[in-house]
Amino acid sequence: MNNIAHAQQQEMMVRISEIEILPQHLEEYKAILKEEAEASVRLEEGVIAIFPMFQKDNPTQVRILEMYKDNEAYQSHLKTEHFLKYKTMTLQMVKSLKLVDMDALDMETAVQIFNKMPANKKYQATPPAPKPFGAEAFQKSDETVIRWMGNGGFFINSRGTTLMVDPLLEGFDMPVLFNAPIDPKEVPHLDAVLITHSDNDHYSIPTLKELSPVTEIYHSTVYVDTLMKNEGFTSKGHSIGDSFKVGKVKITLTPADHDWQNEDPNRTRNFAKEDCAGFLIETADGTIWAQGDSRLLPEHLNLPVPDAIFFDFSDNEWHFTLEGALKIAEAYPDTPLLLSHWGTVDAPDFTPFNADPEKLKSLVKNPERVIVLAPGEAYTLTPLKKK
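Residues numbered from 1 in each chain as written. Predicted model: local features only at pLDDT ≥ 70, side-chain atom pairs only at ≥ 80, totals over all residues. Heavy atoms only, no water.

Enquirer: Please give an account of the confidence of the model for the protein that cites residues and values.
Expert: Residues of the protein with pLDDT of at least 70 account for 94%, and the chain-wide mean is 93. The model gives residues 1–9 a pLDDT under 50, and that stretch makes 13 contacts with residues more than four places away or in other chains. (pLDDT = per-residue confidence, 0-100. Contact = heavy atoms within 4.5 Å.)

Enquirer: Break down the pairing of strand E13 (residues 278–283) for me, citing the residues and quoting the values.
Expert: By the criterion of burial, E13 is predominantly enclosed, with five of the six residues buried. Looking at chain direction, E13 and strand E14 (residues 286–290) are connected through five bridges and run antiparallel. Across the sheet, Thr-283 pairs through a bridge with Gly-286, a residue of E14. Here E13 folds back onto E14 in antiparallel fashion, the turn holding two residues. (Buried < 20%, exposed > 50% of the residue type's maximum accessible area, 1.4 Å probe, protein only. Helix = DSSP H or I, 4+ residues; strand = E, 2+ residues; numbered from the N terminus. Pairing = 2+ DSSP bridges.)

Enquirer: Account for the sheet that holds strand E11 (residues 243–246), with residues named and values stated.
Expert: The seven strands are arranged E11-E12-E13-E14-E15-E16-E17 in an open sheet whose pairing can be described as mixed. A single partner strand is all that each edge strand has here, and the edge strands are E11 and strand E17 (370–371). Taken together, the four bridges between strand E15 (residues 308–312) and strand E16 (residues 337–340) define a ladder with parallel strand orientation. Looking at E16, one finds that Asp-312 is bridged to Ser-340. Of the strands in this sheet, E14, E15 and E16 are in contact with helix H8 (residues 321–331), which crosses E15 at around 170 degrees. (Axes fitted to C-alpha atoms, helices over the stretch in contact; angles between N-to-C directions.)

Enquirer: How would you explain the nonpolar core if you had to name every residue and give the values?
Expert: Within the largest apolar cluster, 46 residues are counted, with the highest numbers of intra-cluster contacts made by Ile-146, Ile-251, Ile-281, Phe-310, Phe-311 and Leu-338. Residues in contact with Phe-310, not counting those within four places in the same chain, are Ile-146, Phe-154, Ile-156, Val-165, Ile-288, Trp-289, Ala-290, Gln-291, Leu-338 and Ser-340. Core analysis: the second largest hydrophobic core is formed by 21 residues, Phe-133, Leu-169, Leu-190 and Val-193 among them. (Core = buried A, V, L, I, M, F, W, Y, C linked by side-chain atoms within 4.5 Å.)

Enquirer: Account for the side chain of His-197, naming residues and giving values.
Expert: Considering the arrangement of structural elements, one finds His-197 in the loop between strand E8 (192–194) and helix H6 (205–211). What makes His-197 buried here is its relative accessible area of 1%. Within polar-contact distance, the side chain of His-197 engages the side chain of Asp-199 at 3.4 Å. (Polar contact = N/O pair within 3.5 Å; in protein donor to acceptor, adjacent residues only side chain to side chain.)

Enquirer: So, unusual backbone geometry: which residues are in play, and what are the values?
Expert: A positive phi is found at Arg-159, a non-glycine position, where the angle reads about 55 degrees. Considering the arrangement of structural elements, one finds Arg-159 in the loop between strand E6 (153–158) and strand E7 (161–165). For Asn-366, which is not a glycine, the phi torsion comes out positive at approximately 55 degrees. On the secondary structure map, Asn-366 appears in the loop between helix H9 (357–363) and E17. Residue Asn-366 is classed as partly exposed on the basis of its relative accessible area of 25%.

Enquirer: Hey, could you go over the side chain of Gln-124 for me, with residue numbers and the actual values?
Expert: Turning to its location among the elements, Gln-124 is positioned in the loop between helix H5 (107–113) and strand E5 (144–150). Within the local environment of Gln-124, its side chain forms a polar contact with the backbone nitrogen of Ala-347, the two atoms lying 3.1 Å apart. Looking at Gln-124, its side chain comes within polar contact range of the main-chain oxygen of Phe-353, at 3.3 Å. The contacts of Gln-124, once residues within four sequence positions are left out, are Leu-177, Val-345, Asp-346, Ala-347, Pro-348, Phe-353 and Asn-354.

Enquirer: Could you give an account of the packing of aromatic side chains, with specific residues and numbers?
Expert: Within this structure, the stated rule accounts for 13 aromatic pairs. Between the aromatic rings of Tyr-68 and Tyr-74, the centroid separation amounts to 5.1 Å while the plane-to-plane angle is 65 degrees, which identifies the pairing as edge-to-face. A centroid spacing of 6.4 Å and a plane angle of 75 degrees characterise the contact between Trp-289 and Tyr-332, whose relative ring orientation is edge-to-face. Here the residue Trp-289 occupies a position in strand E14, and Tyr-332 occupies one in the loop between H8 and E16, the gap between them amounting to 43 residues. The residues Trp-289 and Tyr-332 share a single accessibility class, namely buried. Joined through ring pairs, the aromatic side chains of Tyr-29, Phe-83 and Tyr-86 make up one cluster. Of note, Arg-295 hangs over the ring of Trp-318, and the distance from its end group to the ring centre comes to 3.6 Å. (Phe/Tyr/Trp six-rings, centres within 6.5 Å; stacked < 30°, edge-to-face > 60°. Lys NZ or Arg CZ within 6 Å of the ring centre and 35° of its normal.)

Enquirer: Give a description of helix H2 (residues 26–43) that names residues and reports values.
Expert: Each full turn of the α-helix corresponds to 3.6 residues, which orients residues three or four apart in the same direction. Compared with an ideal rise of 1.5 Å per residue, which puts 18 residues at 26 Å, H2 spans 26 Å between its outermost C-alpha atoms and is within 8% of the ideal. On its buried face, H2 sits against strand E1 (13–21), strand E2 (47–54), strand E3 (61–68), helix H3 (71–77), helix H4 (81–90) and strand E4 (94–102). (Expected span 1.5 Å × (residues − 1).)

Enquirer: Can you tell me about a positive patch on the surface, naming the residues and giving the values?
Expert: On the surface, a cluster of positive charge is contributed by Lys-140, Lys-245, Lys-248 and Lys-250. Here Lys-248 lies in the loop between E11 and strand E12 (249–254). (Patch = residues over 30% accessible without salt bridge, like charges linked within 9 Å, V, L, I, M, F, W, Y side chains within 5 Å. Areas by Shrake-Rupley, 256 points an atom, 1.4 Å probe, with all protein chains shown as cover. Salt bridge = Lys/Arg side-chain N within 4 Å of Asp/Glu carboxyl O. Lys, Arg positive; Asp, Glu negative; His and termini not counted. Charge placed at Lys NZ, Arg CZ, Asp CG, Glu CD.)

Enquirer: Pulling in residues and values, what's your account of the sheet that holds strand E10 (residues 235–238)?
Expert: One open sheet accounts for seven strands, arranged E10-E9-E8-E7-E6-E5-E18; its pairing is mixed. Across the chains shown, the open sheet's two edge strands, defined by having one partner strand only, are E10 and strand E18 (378–380). Ignoring strand direction, the axes of neighbouring strands in this sheet form an average angle of 25 degrees. Across two bridges, the pairing between E8 and strand E9 (residues 218–221) is parallel. Of the residues in E9, the one forming a bridge with Val-193 is Tyr-218. Packed onto the sheet, helix H7 (residues 222–230) meets E9 and E10 and runs at close to 135 degrees relative to E9.

The structure is reproduced here in structure tokens:
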């Protein structure tokens, strides 16, 4: 063994987890474990491998080969959102758990093992190529123009009143599939930025710091307002149902259910439903519903009919699910659906980010109203024709 390999062996942490799963939970456990293992290897530099297996003749006997750069990487892994979610969701599924620490016998050969495995990346739908925009998109006009910026982020210019909803333009902690259609440093002015909730793919502190010098005010829920004030942002918090105005645009907070953090036993606070929101945005050219992230609520099916929806169709338990999204589409059968929360984050196995527009089109009523925008592409809002 050479000196480098010896040093690596001294630092590296290798473990085999021997787990027995209750039979009635096996399939659910395997799905949760697969998601956690993929996220750990993709997102954590110090995680070399998390390789789950189960015995062919006794599938409730699960074995996980875990390899970490060092103990510090392992301790960091235990604090990640994806591991805490896995731990919380599988707590009642595990019959027994034994952790067996190992030493590597041959580090020089070990480093070659995973390089030889073929990669079979799962398909993920992606949007058309971005259409960059600049200062010209912020000029006053006689219409309301919407641009999708990626994930849940939208830019709205309503006759010169400029708003962004949940902009994610830089600094995200997962790989993305395209460059943002505008650099935040190139934004000339914003009358307001609306933030639906505190998840960092919606409340992007790096983005908001860049936008702060040109943004008049940030609006969100009461809880997110406390976070923004701690960052030194000029902000205002609102309760669900509250309305306020930005220029001539009226904005009302709609309810949401996205308090997934309460499943984490190590959470630092109890999250409330009202910590998250959507926005009903009333302009001179029609009404937009920016949904935010949420499970389906009865109120979502009984809003004033919007003229456009920033439409989340993620098939995830803490989002509407695809079934729930279809119920919303059916409740507003003529409303254009501007697709949101898809095709941005490189995560083909992670349901909050891997929705497929073609699948939605095959299921939704009036599929021609499914609007697949390129990042930065302009969409002109028009009011629905009243029947």
